[in-house]
Amino acid sequence: MVKKEKIWIANNEQGENIFIDPKMANRHGLIAGATGTGKTVTLKVLAEAFSDMGVPVFLADVKGDLSGMAAAGIDSEDMQKRISKFSLGEAGFRFTRYPVTFWDVFGNKGIPLRTTVSEMGPLLLGRILGLNDLQRDILSIVFKIADDNGLLLIDTKDLKAMLNYISENNADFAAQYGNISKVSIAAIVRAIVSLEIAGGDKFFFEPALNIRDFFSTGLDGRGMINILDSTSLINNGTLYAVFLLWLMSELFETLPEVGDLDRPKMVFFFDEAHLLFNDTPKILMERIEQVVKLIRSKGVGIYFVTQNPRDIPDGVLAQLGNKIQHALHAYTPADMKGLKAAADSFRVNPDFKTIDVIQQLGTGEAVCSFLDETGTPGVCQKVSILPPQSYMGGISDDIRDREIKQSILYTKYFEAHDPDSAYEFFERKGIADMEAREAEAQAKLQEKEALAQAKLQEKQAAAALKEAEKKKAKEAREKQRVVKSVGNSVAGTVGREVGKNVGGQFGKFGKTLGGNLGASLGRGLLSTFIKGR
């Protein structure tokens, strides 16, 4: 609740009101305690108070019981006792619903909450995929190549297309980006496929979340309570943690510096916070510490909710000025070590021994310490947490569905879009390359056919020339034969005629010289005559 323009969170054992100064609310905080000790109620009371002040809130609903903030609380005998104990009636306590927007990475129990592969970045994505140092370095190079070539990485199929193209053409990138192992790329692709099988690919789509849509209020001016349904998301602890870290990073990178404000611009609750730090690489841990340290200058307060303060690294724990510690129990030496660390994190109260009080706390009780207006931690006190004004427990699916569809953001984010990005680029490039290869092959085939045709024509021409020469030679021989035949015929006829005539002439004398001598002489003269021809 809000009282005296401060966040009224509890009463101490003397019945005094315990407040968080809104000016110090962006100095972050911790809500810790064993299961069943009242952490969820404390979270709800804080979220309601911030909303009442007009401050938007983001929180993750791991168990499904925070959805009840969309419905008014129900009166009961127990609630009347608590109202009376805290004199809440005089302070204006009333059962009421709060303005709520439901979100869900998988789009089942809330408006789909998405981002793009490019916006997630290689560092956080590498954490989701469980990559080793070498594989994370290669993933960073892949993002660099995509940026240098103006290629959008929207969803997982874009990233796989990019990886496969680089793998097939790694020699082309070696000179500028260094050697890129095909084996490492194959391992990254397998990790992406595993993420897709687990449903994580639904997170990477357009339209991507505009983080400024969290900064809205209800019609009555109360801050919007953005509830991320994490009942399914929590099954993949790494995806859950990285997703919330991405949200914090988006807030950090998007919001301008505002310095010290009278109240936060937004408050972010990180439930099951230990998942954020389990097996976290050093480079990512440094990023978390940087965000937690600097985001308060953007007007954002971050509250970690976990079982034991030792779940939070010292570098982060040192940034948490507002602390609420519910009961812890120590059954082992390790438990005792954690309990002592929790007690030692508070400013000492001379009236009691903190470590003993923490073990003796009942449900709804806590040890707390908040920053005063100068930023100094207050002395720890044993307190009883106020009850929430909204409904305790989860709401029905019908109420949830109505709340989802009545949101002004429903039409903006409900339907996913697949814009033209790296996958489509490589698909077009593959078609173009295939067409180019086919055209080149066709050109080569045509060139080969033309060459074969030219050779055939040359062969046919040579054969025709040879045939012509052969025919010409044949004709020449035939002509020679005819001439010879004609010559022989003419010669025989002439010889006979000459011989006959000459022989006749000589026959007249032959009668004198003798017929035999004339005939012989005639043949001799005929022979001489032919030779002379």
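That block above? That's the structure.
### Side note on helix α7 (residues 182-197)
Consideration 1: Taking 1.5 Å per residue, 16 residues should reach 22 Å; α7 reaches 23 Å between its end C-alpha atoms and fits that length.
Consideration 2: Taken together, the buried residues of α7 touch α3 (117-129), α4 (133-148) and α5 (156-168).
Consideration 3: Its side-chain oxygen at 3.2 Å from the backbone nitrogen of V183, S181 defines the N-terminal cap of α7.
Consideration 4: The positive-phi residue at the C-terminal boundary of α7 is G199, with phi of around 90 degrees.

### Some thoughts on the pattern of salt bridges
Consideration 1: Under the criterion given, the structure shown has 16 salt bridges.
Consideration 2: With a shortest N-O distance of 2.6 Å, R287 and E253 are connected by a salt bridge. Of this pair, R287 sits in helix α10 (residues 282-294) while E253 sits in helix α8 (residues 237-254), and the two are 34 residues apart along the sequence.
Consideration 3: Here E253 falls in the exposed class, since its relative accessible area comes to 52%.
Consideration 4: Ionic pairing is found between D344 and K340, a salt bridge with its closest N-O pair at 2.9 Å. Here K340 and D344 lie together in helix α12 (residues 333-344), a separation of four residues that amounts to about one turn.
Consideration 5: Owing to a relative accessible area of 52%, D344 belongs among the exposed residues under this scheme.
Consideration 6: Connected through shared salt-bridge partners, D155, K157 and D418 make up one network.

### Focus on the pairing of strand β9 (residues 266-270)
Consideration 1: The element β9 is largely enclosed, with a buried count of five among its five residues.
Consideration 2: Residues M266, F268 and F270 point to one face of β9 and V267 and F269 to the other, with burial holding for every one of them.
Consideration 3: Where strand β5 (residues 57-61) lies against β9, three bridges are found, and the strand directions are parallel. Each bridged residue has a counterpart across the sheet, and for V57 the counterpart in β9 is V267.
Consideration 4: Bridge analysis of β9 against strand β10 (residues 300-306) gives five bridges, and the strand direction is parallel. In the strand pairing of β10, F269 is matched with Y303.

### A closer look at the side chain of S67
Consideration 1: Relative to the elements of secondary structure, S67 occurs in the loop between β5 and α2 (77-86).
Consideration 2: A distance of 3.0 Å separates a polar atom in the side chain of S67 from the backbone oxygen of G64.
Consideration 3: Every residue in contact with S67, bar those within four places of it in the chain, is listed here: D61, F102, I227, G393, G394, I395 and R400.

### Here's the deal with the nonpolar core
Consideration 1: Counting residues in hydrophobic clusters, the biggest one holds 132 residues, and the most contacted among them are F269 and F304.
Consideration 2: Looking at this core element by element, the count peaks at 12 residues for α8.
Consideration 3: Setting aside residues up to four positions removed in sequence, F269 forms contacts with I31, L43, L46, A47, F50, V57, F58, L59, A60 and Y303.
Consideration 4: In this structure, A343, I355, V357 and I358 belong to the second largest nonpolar core, which totals 13 residues.

### Observations regarding the packing of aromatic side chains
Consideration 1: Evaluated as defined, the whole model comprises 20 aromatic pairs.
Consideration 2: The interplanar angle of 55 degrees and the centroid separation of 6.2 Å between the aromatic rings of F173 and Y177 together place this pair among those described as tilted. Within this pair, F173 and its partner Y177 are both found in helix α6 (residues 170-177), separated by four residues, close to a single helical turn. Across the pair, Y177 and F173 agree in class, each one buried.
Consideration 3: Residues F203 and F204 carry aromatic rings whose centres are separated by 5.0 Å and whose planes lie at 55 degrees to one another, so their mutual orientation is tilted. Accessibility assignment for this pair places F203 and F204 in one class, buried.
Consideration 4: Feature note: the residues F58, W103, F214, Y240, F268, F270, F277, F304 and Y413 constitute an aromatic cluster, connected by ring pairs.
Consideration 5: Geometry around Y98 places R222 over its ring, the cationic atom sitting 4.5 Å from the centre.

### Structural notes on a positive patch on the surface
Consideration 1: Judged by side-chain charge, K466, K470, K474 and R477 come together as a positively charged surface patch.
Consideration 2: With respect to the helices, strands and loops of the structure, K474 is situated in helix α16 (residues 422-513).
Consideration 3: Owing to a relative accessible area of 57%, K474 belongs among the exposed residues under this scheme.

### Description of unusual backbone geometry
Consideration 1: With an omega dihedral of 0 degrees, the bond running from E206 to P207 counts as a cis peptide bond.
Consideration 2: At K4, a position not held by glycine, the phi torsion is positive, near 55 degrees.
Consideration 3: Following the sequence through the fold, K4 ends up in the loop between β1 (2-3) and β2 (6-12).
Consideration 4: A relative accessible area of 68% places K4 in the exposed class.
Consideration 5: The phi dihedral of E272 is positive, around 50 degrees, even though this residue is not glycine.
Consideration 6: The residue E272 is located in the loop between β9 and α9 (274-277) in this model.
Consideration 7: A relative accessible area of 25% means that E272 is categorised as partly exposed.

### What to know about the side chain of T96
Consideration 1: The topology assignment puts T96 in the loop between α2 and β6 (100-104).
Consideration 2: Take T96: its relative accessible area is 9%, and that puts it in the buried class.
Consideration 3: What T96 contacts, discounting residues up to four positions off in sequence, is A71, A72, G73, R222, Q389 and S390.

Here is what the cut-offs are and how they apply
Residues numbered from 1 in each chain as written. Predicted model: local features only at pLDDT ≥ 70, side-chain atom pairs only at ≥ 80, totals over all residues. Heavy atoms only, no water. Helix = DSSP H or I, 4+ residues; strand = E, 2+ residues; numbered from the N terminus. Expected span 1.5 Å × (residues − 1). Contact = heavy atoms within 4.5 Å. Polar contact = N/O pair within 3.5 Å; in protein donor to acceptor, adjacent residues only side chain to side chain. Salt bridge = Lys/Arg side-chain N within 4 Å of Asp/Glu carboxyl O. Buried < 20%, exposed > 50% of the residue type's maximum accessible area, 1.4 Å probe, protein only. Pairing = 2+ DSSP bridges. Core = buried A, V, L, I, M, F, W, Y, C linked by side-chain atoms within 4.5 Å. Phe/Tyr/Trp six-rings, centres within 6.5 Å; stacked < 30°, edge-to-face > 60°. Lys NZ or Arg CZ within 6 Å of the ring centre and 35° of its normal. Patch = residues over 30% accessible without salt bridge, like charges linked within 9 Å, V, L, I, M, F, W, Y side chains within 5 Å. Areas by Shrake-Rupley, 256 points an atom, 1.4 Å probe, with all protein chains shown as cover. Lys, Arg positive; Asp, Glu negative; His and termini not counted. Charge placed at Lys NZ, Arg CZ, Asp CG, Glu CD.

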